[in-house]
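This is what each chain is made of:
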There are 2 protein chains.
Amino acid sequence: MAAVRDGAGLPEPADFAAPPTSDQRARWSDADAAARPGRLAPLRARFAAADIDAYFGLRRQHLRYLTGFTLGEGEEKVAGTSGQFLVSGGEVIVLADSRYTLQAGRETPGARIVEGPRDLAAAWPALVASVGARRVGVEASLLPYATWRRLEAAAPEVEVVPIEGWIEADRAIKESTELDRVAAACAVADRALATLLPKIRPGATEHDLALELEWLIRTGGAEAIAFEPTCLVGANAALPHGAPSDDVVRAGAVVLFDFGAEVAGYRSDMTRTLFVGEPGERDLAVYELVARAQKAAIDQLEACVDGDLALPSGRDLDGVARRVIEGDGRWPAYGHGLGHGIGLQTHEQPSLGAWSLDGPLPSPTVFSIEPGIYLEGETGVRIEDLILLDAAGGRVERLTQFPRDVIVV
Amino acid sequence: MAAVRDGAGLPEPADFAAPPTSDQRARWSDADAAARPGRLAPLRARFAAADIDAYFGLRRQHLRYLTGFTLGEGEEKVAGTSGQFLVSGGEVIVLADSRYTLQAGRETPGARIVEGPRDLAAAWPALVASVGARRVGVEASLLPYATWRRLEAAAPEVEVVPIEGWIEADRAIKESTELDRVAAACAVADRALATLLPKIRPGATEHDLALELEWLIRTGGAEAIAFEPTCLVGANAALPHGAPSDDVVRAGAVVLFDFGAEVAGYRSDMTRTLFVGEPGERDLAVYELVARAQKAAIDQLEACVDGDLALPSGRDLDGVARRVIEGDGRWPAYGHGLGHGIGLQTHEQPSLGAWSLDGPLPSPTVFSIEPGIYLEGETGVRIEDLILLDAAGGRVERLTQFPRDVIVV
């Protein structure tokens, strides 16, 4: 049985690591700058096999990872072509219009800054000619069809070659200072929930608790939330995506929080399902089973790392947790995946689910493990922690430190 | 000269309209439901000329406008194919996976809900066959190139036809209850700034004021902010995009706020440049000139509407304001456009700028008029109001009610 914590035994903010200092942030920034040449190398190493001379990128997280130029969440929608970039064998070119020139120069000292045109196609021929490219790899799952066609028409002698998933695969393998930032983001989220606990009382609305949690994250050491916090009471928790409503916390019903923080660009993601007043026997049993499913997946990872065995695939690990719930047989297992990689994006590679690709998990990496049981019209339980996996370093660690005990508020 | 307001003469929250009641929100929701058949009609009316049988859409604002199904900001990134939709001559089909089935059914009573597949291409042949379509118009500026190719390969007998800008053009022309909601979002923003005024004191950081302003908007009647509020002190105000920093408010320097609210899906956007302590002569003259440029554009609209003349193009109206600053000759005019349409998105049609298309502005509509003067390394001034334009109704109205006087805090 999971331990029960309530009253004076509840977690407190001081149980978790303090927010990073500005010195720490400066060291992370320096580490990124030092790491960037090593991030560009695997990209360029793929050029020969794909028979391309250059790569054209346009996801803001790829931009930050490879060049250092940083756009905020959603800022790409108003930035025009600013932040789109071209990597050739010898050069990195970042587009930036007059609003962004200063910033781009400061953040990407190694890159050539080119005036970002209003219309990419108009600038395309000169841009690719400036690096002598004849075949350019372009992110085909990101660039819209209409823009693609305009690039082809603007420079008919330059072939536009579809590229998918390269940077995503590279970003799945994390440097130690990337993992440190995910851990720091976990600690900000842990503290925020611990601070919120006294306010989770009958009568509080989902909406107000979610807003308060967001406020605690954003004033507690994070530069942003990772995504809009979810707060779901009782049967609402059975809808895995649900947005906060005006429904109120009430005794005897669960409260599910799904939320995360962003620290120095890197994100966390956690879910806790809390009990308001003494939980009933069925609800305790559901919670216990979800916790067992989560533990089974983590145990499996530890066994692989300790025994120096091949790492499981994301699909296999999903199966390990899923079979615990299916084998028990009392309630249906979660319909979503077991988890997802996390870093500059909340959802990134690797993917852990029934539909995930075969092949062992990458390492070192970090991902969520978040099994759940959802009983429509009744209740829902999900427990989500971030797990650091470093096979070569012999490490399988929970970065989420908030306890998984049964918490009664 | 613009009037100067300070001390007891400053705007107060009670000067502006109260947030909408839940009854008002319910009436807006009913009005939307009643308006939707009329929104689908112009879309279907275009089918014959484009020789298509159906339209496939995937922008969340188009989805809400045409079907009622509502995804939050950024939610489309984790919703998979849920919220993508197909409109044929006789039917509306909305994709929704298990997480969204209940919501989609509730919000789009007239639509057929189809289980949203993980991979659109896998479901494409059956989806288009279910409405008997052989040529399907698809949003070419939104769908990625790779997905487009997969749709073509999945159903080779179905032609995928590039469509751009149809719904954008329809959405530029606003129904009266859409305009009411933009006005309500303006009032929430007006009140929030009036509430913030006493906190704008030397020593307060840009970051803290922006966060406080966001909090006031989100607890003051809006369900969301329209975008991250901007707060820029002194020379920072010369960077038209700039994000809030830890720089502090100081006497003798301006503070520029650019922010907006979202009420019942519709957004506002306003900019005010305030003075901390008595402004110098040069700064007053800059402010005065920007205010004159803005007024000139509004006067021009009024002259057209009053005189029953053709409406100007967005390009012409930009020229009217720009020439006021250029004609004065002391400082350079803004490098950005004069303004932009607003509604379900912060930036939508019509566009008002030197590069905008010719052709008269749509009507009834709403857009920003936001000239500025930016003196690099010194200061910046922008004044932005939302203007309702209804030529047939003889109306040109500022929806932003916060005064444009020189405000000294």
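Residues numbered from 1 in each chain as written. Chains lettered and ligands numbered in written order. Predicted model: local features only at pLDDT ≥ 70, side-chain atom pairs only at ≥ 80, totals over all residues. Heavy atoms only, no water.

Participant: So what exactly am I meant to see when it comes to the packing of helix α8 (residues 176-196) of chain B against helix α9 (residues 206-218) of chain B here?
Facilitator: Any two packed helices are characterised by how steeply their axes cross, that is the angle between the axes, and by the distance between the axes. All names here are of chain B. The contact between α8 and α9 brings their axes to 9 Å, and the two run at 130°. Here α8 lies oblique to α9, going by the angle between them. Where α8 crosses over α9, the handedness of that crossing is right-handed. Counting all contacts with α8, which are made through Val 188, Ala 192, Leu 193, Thr 195 and Leu 196, the residues of α9 involved are Leu 209, Glu 212, Leu 213, Leu 216 and Ile 217. Of the residues that constitute the contact of α8 with α9, the class distribution is eight nonpolar, one polar and one charged. (Axes fitted to C-alpha atoms, helices over the stretch in contact; angles between N-to-C directions. Helix = DSSP H or I, 4+ residues; strand = E, 2+ residues; numbered from the N terminus. Parallel < 35°, antiparallel > 145°, perpendicular 65-115°, else oblique. Left-handed = near helix turned anticlockwise from the far one by under 90°. Contact = heavy atoms within 4.5 Å. Nonpolar A, V, L, I, M, F, W, Y, C, P; charged D, E, K, R; others polar.)

Participant: Which parts of the structure should I look at to understand the pattern of salt bridges?
Facilitator: Side-chain pairs of opposite charge can arise whenever the charged atoms involved come near each other. Per the counting criterion, the structure on display carries 76 salt bridges over all chains. When the shortest N-O distance is used, the salt bridge between Arg 218 of chain B and Glu 228 of chain A registers 3.9 Å. Here Arg 218 of chain B, found in helix α9, pairs with Glu 228 of chain A, found in the loop between β8 (224-225) and β9 (230-233), and the two come from separate chains. We note a salt bridge from Arg 282 of chain B to Glu 378 of chain B, for which the minimum N-O separation is 2.6 Å. Separated by 96 residues along the polypeptide, Arg 282 of chain B in helix α10 (residues 281-306) and Glu 378 of chain B in the loop between β17 (372-375) and β18 (379-382) bring together distant segments of the chain. Judged by relative accessible area, which is 33%, Arg 282 of chain B ranks as partly exposed. The partly exposed category is assigned to Glu 378 of chain B, whose relative accessible area is 46%. Several salt bridges share partner residues, and in doing so they unite Arg 60, Glu 73, Glu 76, Glu 262 and Arg 267 of chain A together with Lys 77 of chain B into one network. (Salt bridge = Lys/Arg side-chain N within 4 Å of Asp/Glu carboxyl O. Buried < 20%, exposed > 50% of the residue type's maximum accessible area, 1.4 Å probe, protein only.)

Participant: I'm lost on the environment of Ala 187 of chain A in this one. Help?
Facilitator: Residues and elements named next belong to chain A. Locating Ala 187 in the fold gives a position in helix α8 (residues 176-196). The buried category is assigned to Ala 187, whose relative accessible area is 8%. Between the C-alpha atoms of Ala 187 and Gly 221, which are 34 residues apart in sequence, the distance is 9.4 Å. Apart from residues lying up to four places away in sequence, Ala 187 is in contact with Phe 16 and Ala 17.

Participant: Please explain the sheet that holds strand β2 (residues 54-57) of chain A as it appears in this structure.
Facilitator: Paired through their backbone hydrogen bonds, the strands of a sheet run either parallel or antiparallel. Residue and element names in this part refer to chain A. Across the sheet, which stays open at both edges, the six strands sit in the order β5-β4-β3-β2-β6-β7 with mixed pairing between neighbours. For this open sheet the edge positions go to β5 (112-115) and β7 (159-163), each flanked by a neighbour on one side alone. Geometrically, the sheet is characterised by an average inter-axis angle of 25° between neighbouring strands, direction not taken into account. Sitting on the sheet, helix α6 (residues 145-154) touches β6 (135-139) and β7, and the angle it makes with β7 is about 150°. (Pairing = 2+ DSSP bridges.)

Participant: Whenever I open this one, α9 of chain B confuses me. Can you help?
Facilitator: Along an α-helix, residues three or four apart share an orientation, since each turn contains 3.6 residues. With 13 residues, α9 of chain B should cover 18 Å at 1.5 Å per step; its first-to-last C-alpha distance of 18 Å lies within 8% of that length. Most of α9 of chain B sits out of view: 10 of its 13 residues are buried. Among the residues making up α9 of chain B, those that are buried are Glu 206, Leu 209, Ala 210, Leu 211, Glu 212, Leu 213, Glu 214, Leu 216, Ile 217 and Arg 218 of chain B. Where α9 of chain B is buried, its residues touch α9 (206-218) of chain A together with α8, β8 (224-225), β9 (230-233), β10 (254-259) and β11 (261-263) of chain B. (Expected span 1.5 Å × (residues − 1).)

Participant: Help me understand the packing of helix α1 (residues 22-45) of chain B against α8 of chain B in this model?
Facilitator: Residue and element names in this part refer to chain B. Viewed as axis vectors pointing N to C, α1 and α8 meet at an angle of 135°, and their least axial separation amounts to 10 Å. Compared by their axis directions, α1 and α8 come out oblique. Here α1 contributes Trp 28, Ala 31, Asp 32 and Arg 39 to the contact with α8, which in turn contributes Thr 177, Glu 178, Asp 180, Arg 181 and Ala 184.

Participant: Explain the relation of the copies chain B and chain A to me, please; I cannot follow it from the model alone.
Facilitator: Take chain B, turn it by 180°, move it 0.0 Å along the axis, and it overlays chain A with an RMSD of 0.0 Å. Classification of the inter-copy transformation places it as that of a two-fold axis. The fraction of interface residues of chain B whose copies in chain A are also interface residues reaches 100%, indicating that both copies meet through the same surface. (Least-squares fit on C-alpha atoms with pLDDT ≥ 70 in both.)

Participant: Would you explain the interface of chain B and chain A in this entry?
Facilitator: One frequently used descriptor of interface size is the decrease in accessible area upon assembly of the parts. Facing the 33 residues of chain B at the interface are 33 residues of chain A. Taken together, both faces of the contact between chain B and chain A bury some 3,000 Å²; the carbon and sulfur share is 60%. When residues of chain B are sorted by the area they lose upon contact with chain A, Tyr 145, Trp 215 and His 241 of chain B head the list and together hold 24% of the total. Counting across the interface, chain B meets chain A through eight salt bridges. Note that Glu 73 of chain A is salt-bridged to Lys 77 of chain B, the shortest N-O span being 2.8 Å. Scanning the region where chain B abuts chain A turns up 12 residue pairs in polar contact (both at pLDDT 80 or more). Those elements that place two or more of their residues in the side of chain B that touches chain A are α4 (101-107), α6 (145-154) and α9 of chain B. (Buried area = accessible area lost by both parts, 1.4 Å probe. Polar contact = N/O pair within 3.5 Å; in protein donor to acceptor, adjacent residues only side chain to side chain.)

Participant: Just to check I follow, could you spell out the sheet that holds strand β12 (residues 266-267) of chain B for this structure?
Facilitator: All names here are of chain B. Strand order in this open sheet of three strands is β8-β11-β12, and the pairing throughout is antiparallel. Sheet topology places β8 and β12 at the edges, where each strand pairs with a single neighbour. Two strands pair when backbone bridges link them, and β8 and β11 are joined in this way by two bridges, in the antiparallel orientation. Looking at the pairing, Ile 225 lines up with Ala 261 of β11.

Participant: Explanation requested: the packing of aromatic side chains in the structure shown.
Facilitator: Any aromatic ring pair is given by two values, namely how distant the centres are and how the planes are angled relative to each other. A full pass over the atoms with the stated rule returns 14 aromatic pairs over all chains. A ring pair is formed by Phe 16 of chain A and Phe 402 of chain A, whose centres lie 5.9 Å apart and whose planes are at 5°; its orientation type is stacked. Here the residue Phe 16 of chain A occupies a position in the loop between β1 (4-6) and α1 (22-45), and Phe 402 of chain A occupies one in the loop between β20 (395-398) and β21 (406-408), the gap between them amounting to 386 residues. For the residue pair Phe 16 of chain A and Phe 402 of chain A, the accessibility class agrees, reading buried in each case. Measuring from centroid to centroid gives 3.8 Å for Trp 148 of chain A and Tyr 145 of chain B, while their planes differ by 5°, and the two rings are stacked. Here Trp 148 of chain A, found in helix α6, pairs with Tyr 145 of chain B, found in helix α6, and the two come from separate chains. Each member of the pair Trp 148 of chain A and Tyr 145 of chain B is classed as buried. (Phe/Tyr/Trp six-rings, centres within 6.5 Å; stacked < 30°, edge-to-face > 60°.)

Participant: It is not clear to me how helix α3 (residues 60-67) of chain A should be interpreted in this structure. Could you clarify?
Facilitator: Residue and element names in this part refer to chain A. Within α3, seven of the eight residues are buried, which leaves the element mostly enclosed by the surrounding structure. What α3 keeps buried is the set Arg 60, Gln 61, His 62, Leu 63, Tyr 65, Leu 66 and Thr 67. The positive-phi residue at the C-terminal boundary of α3 is Gly 68, with phi of around 95°.

Participant: Whenever I open this one, the pairing of strand β6 (residues 135-139) of chain B confuses me. Can you help?
Facilitator: Looking along a regular strand, one sees the side chains alternate between the two faces of the sheet. Residue and element names in this part refer to chain B. Within β6, four of the five residues are buried, which leaves the element mostly enclosed by the surrounding structure. Across three bridges, strand β2 (residues 54-57) lies against β6 in parallel orientation. Bridging from a neighbouring strand, Tyr 55 pairs with Gly 137 of β6. Judged from the five bridges that link them, β6 and strand β7 (residues 159-163) form a sheet pairing that is parallel. If you follow Val 138 over to β7, its bridge partner there is Pro 162.

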